[in-house]
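Residues per chain, in single letters:
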There are 2 protein chains.
Amino acid sequence: MDTSRRDFNLSSLAVLGAMAAPGALAAAPTTNRRWVLASRPKGKPGLDNFKFEETALPQAGDGEVLLQTLYLSLDPYMRGRMNAGDSYAERVELGDVMVGGTVARVVESRNPTFAKGDLVTAYSGWQEYSTSNGAGLTKLDPRIKPTSYALGVLGMPGLTAYTGLLDIGQPKAGETVVLAASTGAVGSVVGQIAKLKGCRVVGIAGAAEKCRYAVEELGYDACVSHYDDDMAQQLAAQCPDGIDVYFENVGGSSWEAVMPLLNNFARVPVCGLIAHYNQTELPPGPDRMSALQGLILTKSIKMQGFIVSNHTDRIPDFVRDMSGWLAEGKVKYREHMVSGLESAPEAFLGLFRGANFGKLVVKVSS
Amino acid sequence: MDTSRRDFNLSSLAVLGAMAAPGALAAAPTTNRRWVLASRPKGKPGLDNFKFEETALPQAGDGEVLLQTLYLSLDPYMRGRMNAGDSYAERVELGDVMVGGTVARVVESRNPTFAKGDLVTAYSGWQEYSTSNGAGLTKLDPRIKPTSYALGVLGMPGLTAYTGLLDIGQPKAGETVVLAASTGAVGSVVGQIAKLKGCRVVGIAGAAEKCRYAVEELGYDACVSHYDDDMAQQLAAQCPDGIDVYFENVGGSSWEAVMPLLNNFARVPVCGLIAHYNQTELPPGPDRMSALQGLILTKSIKMQGFIVSNHTDRIPDFVRDMSGWLAEGKVKYREHMVSGLESAPEAFLGLFRGANFGKLVVKVSS
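About the thresholds
- Residues numbered from 1 in each chain as written.
- Chains lettered and ligands numbered in written order.
- Predicted model: local features only at pLDDT ≥ 70, side-chain atom pairs only at ≥ 80, totals over all residues.
- Contact = placed C-beta atoms within 7 Å.
- Helix = DSSP H or I, 4+ residues; strand = E, 2+ residues; numbered from the N terminus.
- Pairing = 2+ DSSP bridges.
- Domains from an automatic or database assignment.
- Least-squares fit on C-alpha atoms with pLDDT ≥ 70 in both.
- Buried ≥ 20, exposed ≤ 12 C-beta atoms within 10 Å, placed from the backbone.
- Right-handed = clockwise from strand over helix to strand, strands pointing away.

Taken together, the contact pairs 34 residues of chain A with 34 residues of chain B. At the level of secondary structure, the elements contributing two or more residues to the side of chain A that touches chain B comprise helix H8 (289-298) and strand S13 (302-305) of chain A. In terms of residues, the side of chain A that touches chain B owes the most to one element, H8(A), which gives 9 residues. The sheet contact formed by S13(A) and strand S13 (residues 302-305) of chain B spans 3 bridges and is antiparallel. Pairing of A:Gln304 across the sheet is with B:Lys302, part of S13(B).

All names here are of chain A. Domain boundaries in chain A define domain 1 (4-152 + 333-363) and domain 2 (156-310). Averaged C-alpha coordinates put domain 1 and domain 2 at centres separated by 30 Å. Across the contact, 17 residues belong to domain 1 and 15 residues belong to domain 2.

On to the relation of the copies chain A and chain B. Expressed as a screw transformation, the operator carrying chain A onto chain B has a rotation angle of 180° and an axial translation of 0.0 Å, and the superposed copies differ by an RMSD of 0.0 Å. Both copies of the chain, as the preceding transformation shows, are related through a two-fold rotation axis. Minimal C-alpha separation from the rotation axis in chain A is found for A:Gly285, amounting to 1.6 Å. Interface overlap between copies is the fraction of interface residues in one copy that are interface residues in the other; for chain A against chain B it reaches 100%, indicating a shared surface.

What follows concerns the pairing of strand S11 (residues 243-247) of chain B. Residues and elements named next belong to chain B. For S11, the buried fraction is high: 5 of the 5 residues fall into the buried class. As judged from the 3 bridges shared by strand S8 (residues 176-179) and S11, these two strands associate in the parallel manner. Pairing of Leu 179 across the sheet is with Phe 247, part of S11. As paired elements, S11 and strand S12 (residues 262-270) share 2 bridges and run parallel to each other. Considered in S12, the bridge of Ile 243 is made with Leu 262. Running through helix H7 (residues 252-258), the crossover from S11 to the neighbouring parallel element S12 is right-handed.

On to the pairing of strand S3 (residues 65-73) of chain A. Residue and element names in this part refer to chain A. Where burial is concerned, most of S3 is hidden: 9 out of the 9 residues are buried. Judged from the 7 bridges that link them, S3 and strand S4 (residues 102-109) form a sheet pairing that is antiparallel. Counterpart to Tyr 71 in the pairing with S4 is Val 103. Summarising the sheet, S3 and strand S6 (residues 129-132) pair through 4 bridges and their orientation is antiparallel. The residue of S6 that forms the bridge with Leu 66 is Thr 131. Direction of pairing for S3 relative to strand S15 (residues 359-363): antiparallel, over a ladder of 3 bridges. Along S15, the bridge assignment pairs Ser 73 with Val 361.

See the structure below:
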């Protein structure tokens, strides 16, 4: 993990603050670099689905700001935006900049709400510079340090874990909570909150190193590896009282191992299905859809999909709780930082083979 | 519909009240007649899965009552109890009396809580007489008239509709609610409550007569027939704003027609899957389980199984509301009454081909 982001400091802002209009700056950038969607993947995406472009620096119009991207978040949901069909939200059109959450710095402001030097969270995508009329920008909460945490434990993935687990999963002390992708941006937070709520927590991860980290650092009661052929048996052994909450982030073999262990009244917040995203067609039969319906019926199971953008009413509770837990060392958090916008596609593709260890973030500028 | 149950009156109770010990009665019954589970069905059940028996009249021991069954409820869930595997609840063992809810009369009491002549709801099954220590017996609420309604609109099916729709489905005025088996014991109540809540209600039923009844008598906005090949297209045409709540009682082709129409944040209370109960193996592929998971995820859908016995805390609200609606004519209710315990298996088998029109009840004694 590259922790150089911590070197980011306010002195650079002071310099920027002294700048006048862009035209007055000898060193002012004149170009933007960005990744656009070149083609829609069939199944597994590849580097050829992305195209790197150099364009003219965008100009902030009246009421707009010019933003410089500092950090770009890379997340599994982006795979869905590359498809022509429905996903959680709008697809990316061919030739358009890939979407993504960012931490950015206001380098020019023609909007009275923002001042040069302000740090904001934005949804400005895979590029170095962008303009905004201010919609969707949020000034960075001063409690968020390091600032890249605004893209992770104190940002969208953290809020996803918090609302999905607490509001949909509703874990009670003594219950068993299982989660897959359990050292990832969302999973690691889910597991640690579940421990704080007094649950038995069993993770599913890939590499042995991740399983060790889940138990030794994150404090899970156990972690099994989906690399092992007998993962389902290992999971059953680690869940002697069955499973009360399964935080679904993966699907596939993790879900299949969980299904027979679900207790009556189990809750399954469905947050993501990364194991399915590169599916090009439905798998061969038999058709287990009715088996899933039957399981939901006979065990009074609640299965509920959600997307974090519909839970923003919980941000104040979340920031209060999570800032406190981080400050007290009750929640640990790990970032997988890669350097330079050029690296974005390769790093993104790694998400689908579990190459990242912690929240994947691209450091775009310093 | 045989409405002769309304002839039941209290004068017969007065006669019974005059009885002393059973031995003192010239006309006292000496035998019990009952249906036991003879064999477990593979797929569709048949008459040969049931055996009719005549046995000695059971004797009420100390602290017990002797019950005479007046009405027996026949419900789809009983199919699950005939299996060796898991269902909602305990299976029926081979040779045991088939389970079922009843309205019964106390004909002898050695339990201080119950007096001879009391009417109770019980779970005494497919037989004419039974004994009970009082556990699970409820004296009939005097607001319940006719008494057979205690097995339907004012009993378990009514409470199922009430809690499943209101507590899990949470319909809001202006939303579209769809339900299958929509003139049945549960469905007819779901649809009418949804109308009372200001929803657009679209039913799915079989026979044209049922569809007409759903619209003309129950007040649904539309009803489509699953006998029609283009049912899915008809349903889509009747749900121009999509579906917000689907009360799942059926599964199969009804569910398949509903799936593509579900809106973001749709709620699917899963109450029953009658179309699946006689399945002997999973259908051939492709495997649509991941498609269902994906739908739940991308549309933030809540799918939740439930069983009425876990919602008994709502009985007071339910009896108050439903008695009021019935009294005001805001909820209509139809029974399909068959006469004589001998008819039970044949009537039960009819449930799976939609032969009943309204709540199926067997009049066992008068």
